[in-house]
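Residue-level structure breakdown
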Amino acid sequence: MNFWDILILAAVAGLAVLAIRTLRRKNNSGGCSCGCGGCAADCKKRKQEKETKG
């Protein structure tokens, strides 16, 4: 493997770590990974919204 192959692999690995970290943070804070706008899942955030509305 030459320098460019290693550089590309490092960049892909870094982006994968960043994506996983972002999804885990979003999941731990109660948000859906897909967003609740068009989502039918009954996630933590949606349950909290229902409780505050009534």
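Before any of the text, the structure's been laid out above.
The paragraphs below set out a description of the structure included in this document. (Residues numbered from 1 in each chain as written. Predicted model: local features only at pLDDT ≥ 70, side-chain atom pairs only at ≥ 80, totals over all residues. Heavy atoms only, no water.)

**A few points about the overall build of the protein**
Cut-off, in case you're wondering: A helix here means a DSSP run of H or I that spans at least four residues, while a strand means a run of E at least two residues long, and both kinds are numbered starting from the N terminus. Relative accessibility under 20% of the residue-type maximum defines a buried residue, over 50% an exposed one, and the middle range a partly exposed one, all with a 1.4 Å probe and only protein chains included. Note that accessible areas follow from Shrake-Rupley with a 1.4 Å probe, and for residues the cover is restricted to the protein chains shown.
Each helix and strand in the protein was counted, giving 2 helices and 0 strands. Looking at the 54 residues of the protein, the share that counts as buried comes to 11%. Summing over all exposed atoms, the protein offers an accessible surface of approximately 4,800 Å²; the carbon and sulfur share of this is 61%.

**Quick word on a nonpolar patch on the surface**
Threshold: By definition, no residue in a patch forms a salt bridge, and every one has over 30% relative accessible area; like charges are joined within 9 Å, nonpolar side chains (Val, Leu, Ile, Met, Phe, Trp, Tyr) within 5 Å. The salt bridge criterion pairs a side-chain nitrogen of Lys or Arg with a carboxyl oxygen of Asp or Glu, the two atoms within 4 Å.
A surface patch of nonpolar side chains, amounting to about 360 Å² of accessible area, comprises Met-1, Ile-6 and Leu-9. Looking at the secondary structure, you find Ile-6 in helix α1 (residues 3–28).

Any functional reading would require information that these geometric values do not contain.
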